[in-house]
Structures are given as structure tokens and as C-alpha cells.
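Read off the chains here:
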Amino acid sequence: MDFTTLIAPLLSPLGYLLPLLLIAILINTPWFKGMIGEWVINLSIRLFLDQREYHLLKDVTLPIPQGSTQIDHVIVSRFGIFVIETKNMKGWIFGNPAHKSWTQQIYRRKHRFQNPLHQNHLHMMTLKSLLGLADHQLHSVICFIGDCTFKTPMPDNVMNRGLIRYIKGKTTQVLTAAEVTRVVETIQQGRLAANRQTHRQHVAQLKARHRAAPDKPEVSIITPLSQTGYSPPFKQTEASAVPPPCPRCGGAMVLRTARKGDNQGSPFWGCSHFPKCRAIVTR
């Protein structure tokens with residue numbers, strides 16, 4: 001008996017359903033959702049920010065002593081350099097700027113992930129060392145994409161909407177037009193090639209670092225520029241020590257000296273956003 005005549009009518013509808021099923025599976029993958037989220041951010045930046053004023057650099061991979069670090073978006077303007085870390089997450093997000101880990105909760109399932117403010121601090125310090133800039137010339141921004149809700153208070157630079165409004169809200173000029181051009185050129189010259197091989201190597205280095213120290217956040221000692229032979233486009237204005245992130249707002253800290261009290265003459269880290277933020281860290 002020839003079963004072909006019996007099976008053929010059944011296979012014909014499957015020829016249409018199978019591609020639709022594969023597309024549906026692809027759409028629901030974190031990779032696809034992340035790609036769409038990144039595309040929406042890139043489109044928003046290009047549509048709502050003046051490209052003559054704001055210069056977008058995507059997927060910037062820079063070398064560090066441990067290998068490399070990858071920055072999702074860098075926007076260079078006269079109003080500062082916006083260093084943007086994106087997170088594709090859904091559900092409830094719990095976080096404290098001072099804690100090394102935050103929590104994502106989807107129904108009863110919880111997942112801990114590295115504090116993105118601390119993660120972006122490495123990006124900030126890498127760019128600061130490369131460019132020789134001061135703290136007030138860089139802005140750390142954390143942007144969550146996806147259907148997520150913050151369940152704890154977050155600093156102003158951590159958001160799941162309002163990225164363009166936040167960037168346009170910075171109106172104090174900290175770079176000249178010529179300096180903006182030099183910054184863009186320096187980043188382009190210092191970055192690794194934006195290709196699949198660079199991405200694979202970066203991911204492999206990340207996995208190796210996390211296997212070597214699973215309980216430690218990603219940190220780096222940035223080599224002073226005087227030891228690298230690199231001449232930055234701007235004069236270094238900070239000490240070579242890498243400051244910690246502010247435990248309250250996530251901003252950069254500035255090394256200061258106590259002028260009075262029991263600790264007079266002792267150095268300490270004070271938030272660069274003082275007096276808006278008065279957090280301190282003792283050395």
C-alpha cells in the first residue's frame with residue numbers, strides 16, 4: 001500500500017506552519033529581544049538627537065589589562081560623553097547603588113546580576129584613562145530595555161524610559177567643538193575592530209574572568225598613561241588612582257582631604273556630584 005497519498009495532504013499544511021513556528025521561537029529568544037531593544041535605542045538617538053551635536057559610537061570594545069571591555073553606546077557631545085550600558089530584562093528589578101549585585105524577579109524566580117553601575121564604572125575609567133578627561137566630563141547612564149519595573153528607588157541615571165530626555169537635560173558645556181572631534185577620533189583609533197571575532201574573544205575573556213573569580217565584580221586597574229607611551233588629547237587632572245563608584249548615586253568619586261574635625265588632613269573619596277550628593281568613602 002502506498003502511504004504517500006495519505007501523508008501528502010498532512011505535510012502540505014506543515015510546509016507553511018513550520019517556518020511560522022521557527023519565526024515565533026526566534027522572536028521570543030532573549031537574543032532577538034535584545035537586538036530589537038538595541039535597534040530601538042539606536043533609532044531614538046538618531047531621530048531625536050541632533051547628529052551634528054551628538055556623535056554616536058556603538059559597540060565600542062577597548063583593550064584593558066585583563067583583555068577587553070565592551071561599551072554598548074558612547075555619545076560624544078559638547079555637554080559631555082554619555083557612557084550607556086543597556087540591560088535587556090523583564091520582570092521586577094531590585095537594586096541598590098551600593099550593592100555589588102541586583103536582583104531580577106519573574107513571578108517566583110529570582111536571578112542575581114552584577115550591579116550595572118559598577119559594571120559601567122569600568123567603562124568610565126577606561127575612557128577616562130584613554131582620553132585624559134575629568135569626572136565631570138563623563139556621564140554614566142544605565143538604560144533597561146524590555147518590560148521591566150523598578151521595585152526600589154533608582155538614581156536619576158538608571159532608567160527604563162526617558163533616555164533622550166536625560167541626555168538633553170545636560171546643558172552645561174564641558175567640551176569645545178574641537179575637543180569633541182578629537183575625542184571621537186581617539187576612541188575610533190583606540191577601539192578594537194567591530195566584528196564577530198572581536199565579540200567572540202571578548203565573550204571568551206569574560207567567561208574566563210568569571211570562572212577565575214566568580215564572587216568578585218569586574219574591576220580593573222587602569223594602567224597610567226605615562227606608562228603606556230600614549231599622549232592623551234587632554235591634560236590629566238586627576239590622580240592615577242582609580243576612584244570607586246559613589247555608593248549612593250553611582251557617579252565617580254573625587255579624592256579630597258579633610259580640612260577639619262578628627263580626621264583633619266586625612267584623604268577620602270567624595271562624590272563628584274557634591275553638594276547634590278554628599279556620600280563619602282574613606283581610604
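Keep in mind it's a predicted model, so treat the numbers as computed, not measured.

1. Side note on the sheet that holds strand β1 (residues 55-64)
Reading across from one edge, β1-β2-β3-β7-β9 is the order of the five strands in this open sheet, with mixed pairing throughout. Where the open sheet ends on each side, the last strands, each with one partner, are β1 and β9 (158-159). In the sheet, strand β2 (residues 67-77) pairs with strand β3 (residues 80-88) via five bridges, with the strands oriented antiparallel. Counted as the bridge partner of Ile75 is Phe82 from β3. Here helix α3 (residues 116-131) sits on the sheet and contacts β1, β2, β3, β7 (138-145) and β9; the angle it forms with β7, its principal contact strand, is near 145°. Across the sheet, helix α5 (residues 177-190) touches β1, β2 and β3, and the angle it forms with β1 is around 45°.

2. Describing the packing of α3 against α5
One way to put it is that α3 packs onto α5 with a least axis distance of 10 Å and a crossing angle of 110°. Relative to α5, the element α3 lies roughly perpendicular. Residues Leu127, Leu130 and Leu131 of α3 pack against Val183, Thr186 and Ile187 of α5. Here the contact of α3 with α5 is composed, by residue class, of five nonpolar, one polar and no charged.

3. Some details on the nonpolar core
One finds Val74, Val76, Ile81, Leu127, Leu131 and Ile187 to be the most contacted residues of the largest nonpolar core, which totals 21 residues. Judged by nonpolar contacts, the second largest core, of 17 residues, contains Tyr54, Cys143, Ile145 and Ile164.

4. Quick word on the packing of aromatic side chains
For the structure on display, the rule yields five aromatic pairs. Taken together, a centroid distance of 6.4 Å and an interplanar angle of 75° make the contact between Trp102 and Phe113 edge-to-face. On the criterion of sequence distance, the pair formed by Trp102 in strand β5 (residues 101-106) and Phe113 in strand β6 (residues 109-114) is long-range, its members being eleven residues apart. Exposure remark for Trp102: the relative accessible area of 0% places this residue in the buried category. Seen in terms of ring centroids, Phe113 and Phe144 are 6.5 Å apart; in terms of plane orientation they differ by 70°. Their pairing is edge-to-face. Of this pair, Phe113 sits in strand β6 while Phe144 is found in strand β7, placing the two residues 31 residues apart along the sequence. Looking at Phe144, the relative accessible area reads 1%, which means it is buried. Clustering of aromatic rings is evident, with ring pairs tying together Trp102, Phe113, Phe144 and Phe150. The ring of Trp92 has Lys151 sitting right over it, with the charged end atom 4.4 Å from the ring centre.

5. Description of α3
Compared with the 22 Å implied by 1.5 Å per residue over 16 residues, the 22 Å span of α3 between its first and last C-alpha is a close match. Of all 16 residues in α3, 16 are buried, a share of seventy percent or more. N-cap assignment for α3: the residue whose side-chain oxygen lies 2.8 Å from the backbone N of Leu117 is Asn115. Gly132 lies just past α3 and shows a positive phi near 70°.

6. What about the pairing of β5?
Judged from the three bridges that link them, strand β4 (residues 91-94) and β5 form a sheet pairing that is antiparallel. For Trp92, the partnering residue across the bridge sits in β5 and is Gln105. From the end of β4 to the start of β5, which pair antiparallel, there are six residues. When β5 meets β6, the two strands line up antiparallel, connected through six bridges.

About the criteria used
Residues numbered from 1 in each chain as written. Predicted model: local features only at pLDDT ≥ 70, side-chain atom pairs only at ≥ 80, totals over all residues. Heavy atoms only, no water. Pairing = 2+ DSSP bridges. Helix = DSSP H or I, 4+ residues; strand = E, 2+ residues; numbered from the N terminus. Contact = heavy atoms within 4.5 Å. Axes fitted to C-alpha atoms, helices over the stretch in contact; angles between N-to-C directions. Parallel < 35°, antiparallel > 145°, perpendicular 65-115°, else oblique. Nonpolar A, V, L, I, M, F, W, Y, C, P; charged D, E, K, R; others polar. Core = buried A, V, L, I, M, F, W, Y, C linked by side-chain atoms within 4.5 Å. Buried < 20%, exposed > 50% of the residue type's maximum accessible area, 1.4 Å probe, protein only. Phe/Tyr/Trp six-rings, centres within 6.5 Å; stacked < 30°, edge-to-face > 60°. Lys NZ or Arg CZ within 6 Å of the ring centre and 35° of its normal. Expected span 1.5 Å × (residues − 1). Polar contact = N/O pair within 3.5 Å; in protein donor to acceptor, adjacent residues only side chain to side chain.

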